[in-house]
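Coordinates in review
The lines below spell out each chain.
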Amino acid sequence: MKLPFVYQNFVFTDAESDINQPERTLDMFNLGSMLNLGSTEPVIGSASTLVECSAMDLFKYLGDDLFQNYPKWSPEVKELEQLTPGPVQLGTLGRQVRVDQGRRSESRFKIFAYEPGERLTLVGVSDPFRCTYKLQDANSMKSTRLTFTFELLELLVVMRPFEALVRVAIKEGAGRTVQNIKRLVEADKAMKTSAT
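Residues numbered from 1 in each chain as written. Predicted model: local features only at pLDDT ≥ 70, side-chain atom pairs only at ≥ 80, totals over all residues. Heavy atoms only, no water.

Further remarks concern the sheet that holds strand β7 (residues 119-124). Pairing in this open sheet of 7 strands is antiparallel, and the strands run β3-β9-β8-β7-β6-β5-β4 from one edge to the other. This sheet does not close on itself; its edge strands, each paired only once, are β3 (43-51) and β4 (77-82). Averaged over all pairs of adjacent strands, the angle between their axes in this sheet comes to 20 degrees, without regard to strand direction. Contacting β3, β6 (103-115), β7, β8 (129-137) and β9 (144-152), helix α3 (residues 55-64) runs over the sheet at an angle of about 160 degrees to β8. Sitting on the sheet, helix α5 (residues 163-195) is in contact with β3, β8 and β9, with an inclination near 20 degrees to β3. (Pairing = 2+ DSSP bridges. Helix = DSSP H or I, 4+ residues; strand = E, 2+ residues; numbered from the N terminus. Axes fitted to C-alpha atoms, helices over the stretch in contact; angles between N-to-C directions. Contact = heavy atoms within 4.5 Å.)

One can find Ser143 in the loop between β8 and β9. The spatial distance from the C-alpha of Ser143 to the C-alpha of Asp57 is 10.0 Å, given a sequence separation of 86 residues. In contact with Ser143, not counting residues within four places along its chain, are Leu50, Val51, Glu52, Cys53, Gln136, Asp137 and Ala138.

Turning our attention to α5. Two residues of an α-helix separated by three or four positions point the same way, owing to the 3.6 residues in each turn. The first and last C-alpha atoms of α5 sit 48 Å apart over 33 residues, in line with the 48 Å expected at 1.5 Å per residue. For α5, the full list of buried residues reads Glu163, Val166, Ile170, Gly173, Ala174, Thr177, Val178, Asn180, Ile181 and Val185. Of the surrounding elements, those touching the buried residues of α5 are β3, α3, α4 (66-73), β8 and β9. (Expected span 1.5 Å × (residues − 1). Buried < 20%, exposed > 50% of the residue type's maximum accessible area, 1.4 Å probe, protein only.)

A few words now on the pattern of salt bridges. Tallying each qualifying case throughout the model produces 9 salt bridges. Taking the shortest distance from any N to any O, the salt bridge between Arg95 and Glu79 comes out at 3.0 Å. A residue pair is termed long-range when its members are at least 10 positions apart, and Arg95 in strand β5 (residues 93-100) and Glu79 in strand β4 qualify at 16 residues. (Salt bridge = Lys/Arg side-chain N within 4 Å of Asp/Glu carboxyl O.)

β9 sits mainly inside the fold: 7 of its 9 residues count as buried. As paired strands, β8 and β9 are joined by 9 bridges and run antiparallel to one another. Considered in β9, the bridge of Arg130 is made with Glu151.

Here it is, written out as structure tokens:
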């Protein structure tokens, strides 16, 4: 089963009718595909780790407190702003400014999946990316398996010659992300435990 994907402001799934066929439509208008400039497949990096806390506590850190904590586990994020008022929930919009390997970029994202204790997914509104944080209870509320997946849904034509390097960077970034979250959440838990 294919997961839904987002391109610009449209969400496509396998449930779309044969008339729409979004994958073919996107390929028809993809310059890289038309000129055979390299792969148009998403670039995906994934990593997982075991975090010593409950899935609900981890989700609170990742989801409910996203706009306070995201720059902590992703130090490339230099500015982060919640664009919609109220608590973080399905449909919440955000804006981030990142500096990755000296390159500054700004993007807007939307909370695409918000399943407390299970899954948080951010999708790019202005750029074609998807980040998913999947949580699985590993030891009856004592530890959680965290799997982070970053998908760059389309690689810019000028970057296609460097696709292998981009894949390595995304995979390494996914590994750093889960390790940073683990370190921060477990340190926070230890600090709260020692305070009581």
